[in-house]
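Residues per chain, in single letters:
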Amino acid sequence: MQYPYYCSPEGTVIKMTDYARFRTIQTMLGGAELLAEAYRLSGKNCYARKVAVILNRFAEVYPDYPLHGPGMSWYQASLQGWMDYYFDPNPPHDSNSGRLHIILLEDMYYAALAMDAYDAIYDSGQLEQLGQEKQRDTKAFIEQNLIYPAAVLATESQIELGNYDAYQSVGLIKAGLTLAEPEFIHRGIKIYQGYLTNNFFPCGLWHESPVYHLMMLYHIHLIPDLLKGYSDPPGFVSEETGTRMRKLDFNKEYPFLSQVYTASLPLYYPNGMVCPLEDSVPWYGLDFDRMERVRAIAQSEFGAPYFPPPQDSYSLYKFKGSSESPEVQPILPPGQSELYPSYGHAVLNALQGEHQMRLHFDYGPYMGHHHYDCMNIVLYAEGDEVFSEAAYTYTQLRPYATGSYSHNLVIVDGIRQYGWGGSLESLALNLGEKPNYPVQFIAANAPDVYNIWDHHRDKSFGPLFKDRNVSRYARNLAVVPVNDEKAYIVDLFEVDGGKEHEFLLHGSRQNEVTVESDIDFQPTDILLGNDAYIRSLSNSYWEDNPRAIINLQSAEVNTPWTGEFVYKTDYDGMDDPFAEKCMKYRFALRNSNFRLRVHLIGDTPSTVLRGEDPSIRHSGELDSRVWERLTGCLIIRRTGEEKLKSKFLNIYEPYINTPYIKSVERLSLGDESNGAKVIINSEGKTLMDYVIFSNDPSKVIDIDKGIAFSGRFATFRFNNDTLDFVQIVDCATLNI
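Next up on the list: the overall build of the protein. Scanning the protein from terminus to terminus reveals 17 helices and 31 strands. A burial count over the protein gives 59% of its 736 residues as buried. Long-range contacts, defined here as pairs at least 24 residues apart, represent 69% of the contacts in the protein between residues at least 6 apart. For the protein, the accessible surface area stands at approximately 29500 Å², while carbon and sulfur atoms represent 49% of it.

Here the residue pair P91 and P92 is connected by a cis peptide bond, since its omega of 0° sits within 30 degrees of zero. Looking at the element boundaries, P92 is found in the loop between strand 4 (85–86) and helix 4 (104–121). Look at A180: it is not a glycine, yet its phi comes out positive at around 55°. Of note, A180 is situated in the loop between helix 7 (165–179) and helix 8 (182–198).

Hydrogen bonds along the backbone pair up the strands of a sheet, which may run parallel or antiparallel. On the basis of which strands lie adjacent, the open sheet formed by three strands has the order 27-28-31 and antiparallel pairing. At either margin of the open sheet sits one strand with a lone partner, and together these are strand 27 (701–702) and strand 31 (733–735). Across two bridges, the pairing between strand 27 and strand 28 (residues 708–710) is antiparallel. Within the sheet, the bridge partner assigned to I701 lies in strand 28 and is F709.

Bringing the packing of helix 1 (residues 16–42) against helix 2 (residues 45–61) into the picture now. The geometry of helix 1 relative to helix 2 is characterised by a closest axis approach of 8 Å and an angle of 150° between their N-to-C directions. With respect to each other, helix 1 and helix 2 are oriented roughly antiparallel. Helix 1 and helix 2 meet at a crossing whose hand is left-handed. Touching I25, M28, L29, A32, L35, A36, A38, Y39 and S42 of helix 1 are N45, Y47, A48, K50, V51, I54 and F58, all from helix 2. Per-class residue counts for the contact of helix 1 with helix 2 are 13 nonpolar, two polar and one charged.

It is worth spelling out the sheet that holds strand 20 (residues 594–601) at this point. Reading across the sheet, the eight strands line up as 11-12-13-14-23-20-19-16 and stay open at both edges, with antiparallel pairing between neighbours. This sheet does not close on itself; its edge strands, each paired only once, are strand 11 (423–428) and strand 16 (513–517). In this sheet, neighbouring strand axes are inclined to one another by 15° on average, regardless of whether the strands run parallel or antiparallel.

In this section: the packing of helix 7 against helix 8. For the pair helix 7 and helix 8, interaxial distance at closest approach is 7 Å and the crossing angle is 155°. In terms of axis orientation, helix 7 runs roughly antiparallel to helix 8. For the pair helix 7 and helix 8, the sense of crossing is left-handed. Judged by residue contacts, D165, A166, Q168, S169, L172, I173, A175, G176, L177 and L179 of helix 7 engage F184, I185, R187, G188, I189, I191, Y192 and Y195 from helix 8. Taken together, the residues that form the contact of helix 7 with helix 8 break down as twelve nonpolar, four polar and two charged.

Next up on the list: the side chain of Q440. Tracing the backbone through its elements, the reader meets Q440 in strand 12 (residues 440–445). Of the residues examined, Q440 reaches a relative accessible area of 5% and is grouped as buried. There is a polar contact of 2.7 Å between the side chain of Q440 and the side chain of S337. Ignoring any residue separated from it by four or fewer positions in sequence, one finds Q440 in contact with G335, S337, L348, N349, A428, L429, N430, L477, A478 and V479.

About the cut-offs
Residues numbered from 1 in each chain as written. Predicted model: local features only at pLDDT ≥ 70, side-chain atom pairs only at ≥ 80, totals over all residues. Heavy atoms only, no water. Helix = DSSP H or I, 4+ residues; strand = E, 2+ residues; numbered from the N terminus. Buried < 20%, exposed > 50% of the residue type's maximum accessible area, 1.4 Å probe, protein only. Contact = heavy atoms within 4.5 Å. Areas by Shrake-Rupley, 256 points an atom, 1.4 Å probe, with all protein chains shown as cover. Pairing = 2+ DSSP bridges. Axes fitted to C-alpha atoms, helices over the stretch in contact; angles between N-to-C directions. Parallel < 35°, antiparallel > 145°, perpendicular 65-115°, else oblique. Left-handed = near helix turned anticlockwise from the far one by under 90°. Nonpolar A, V, L, I, M, F, W, Y, C, P; charged D, E, K, R; others polar. Polar contact = N/O pair within 3.5 Å; in protein donor to acceptor, adjacent residues only side chain to side chain.

What follows is the structure in structure tokens.
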């Protein structure tokens, strides 16, 4: 079989006819499922008739579809256009190939759509009527020429236990039930048990980004229902697994499913949008198809609270539990946070209602669909995303989006991190139902992100960049409530090692922002990134592109200063076909005077850079549009000799209309301790906070007003000169 193709002068090959055929298959099988659902809801035979015709036609042509695909990863294929090759039809098959899809593991997703449609109209009489017209047994014809060979093809590929195996396991189980072929069921169960026991962390999260956790839930929650009570035929023993199944009940066998079904909920913003961490797209939310059903199952089977999304009233189906729940609970009650120790992520939650604040802190390792972003933070406050990352993209800016420069962290010597994670040093988080800490605190350290090159991913850069001699790469974060509506964040980022440190903050990529400050910014010819590193880059998956940050201006500072992220309130229309999907969670600011003020405390000489980088999310995944929307960012650069030491101490103040922090002052506490004195105007009162981090909990620290203490972290609040409260983590000494 041959297809015409287009070849650009650069060598990009696009086989347009083949791509059109691929999209036609997707549309027709997806349409068959929708028509089947219309029949199920209405009972009208006109819908069942069309489903029968579609399935019959696929059964006629499926056996002759070639095994084909790009033969390379999604990203590599996108760099070269739509590349298409043909593969040896003998197993084992290349996973980057298929009959219905260019990825073999996704073939079963589309085959399962056919099975669902077939099941829906099985008793409608339309299959028999079509059989009379075709003079054959249409049911047997569809089963033998579409469902059975699709399942056989799935068994002829290796089990990879990746995110696409959710399609394999569900599709094979559906095929086995449809055809009464228990061997297919055993293969599906083997895959299901494999990824359930190996690829989910103990905290319940899938080992990739939040959207891939969603992708797994979308399919695997069906399996316990499909197989509840299932037993193999008498005497059957699987040739592949050597076992037989009897009266299955996976909800009882795997109580861990309760965590799997609910673990990702705190990774959604209060407005229902998924926090676009790592490779996560921002238009998936709590109201995504089937997610209400997952939450209802978690409630009915495991007693988990029911959490409907904000858009709950728009749901077409109401599953058991959604209408019976006596009380709708917030995903995270006021002041309660969430920690994922094995995943390496924390969600610090403060305030409530429309003022709710979520600070996401990622200190974990590089995993599948992860970014080089250890110690990154993302912030949601006052109904909007404040600090962001670029999220998931396969545009030309994917290298930038996955690299370190697009995140909120510190870059050492102008190169991205290497891929190793960090570990917690200390914390005081409200992880139970009743908050215990007025101020929540967390600290982690990850020096190996700049010490150990990840050779198994890319050996070419190792000899040049294998060790930056970084002994400390640590972040300390504290969320400090002022009252029920206001809270600020204290951020201490410590780096020991290398010769240049760049601290980055990126504004919202949902609503574009500008950066304003009273310091004197001037145009500059400074280029970001290590020149030798950039010269060594090739057109590969792992390259970085720090020079996607453009329109740079610079200023030299050696005193404390402030800057503000200011939200644009005027947006022109989007006319690309993906606009509605991509803009689903584009926020309309409740108040155009919402801003975030950044207090940068210290007297270390630094170069401050103000720039812009592409929001990417607004492009509709079109390369031609990735530069149309820019959002503001701040970079603080410090340079010196080898083993440079930096302590970036900043305070973030979200506010509407009027700032409430009157002044900030860095405390002189010695080499191992850092802190700030913050003066606040609140409801006619003057509050004075001392917020202190110490790397030596045994060292006694003297502060104003005759107070001395030792500990890892401390907050002292004075209300009109009267001590209001004291909070100390790992306290050894306290004198008041």
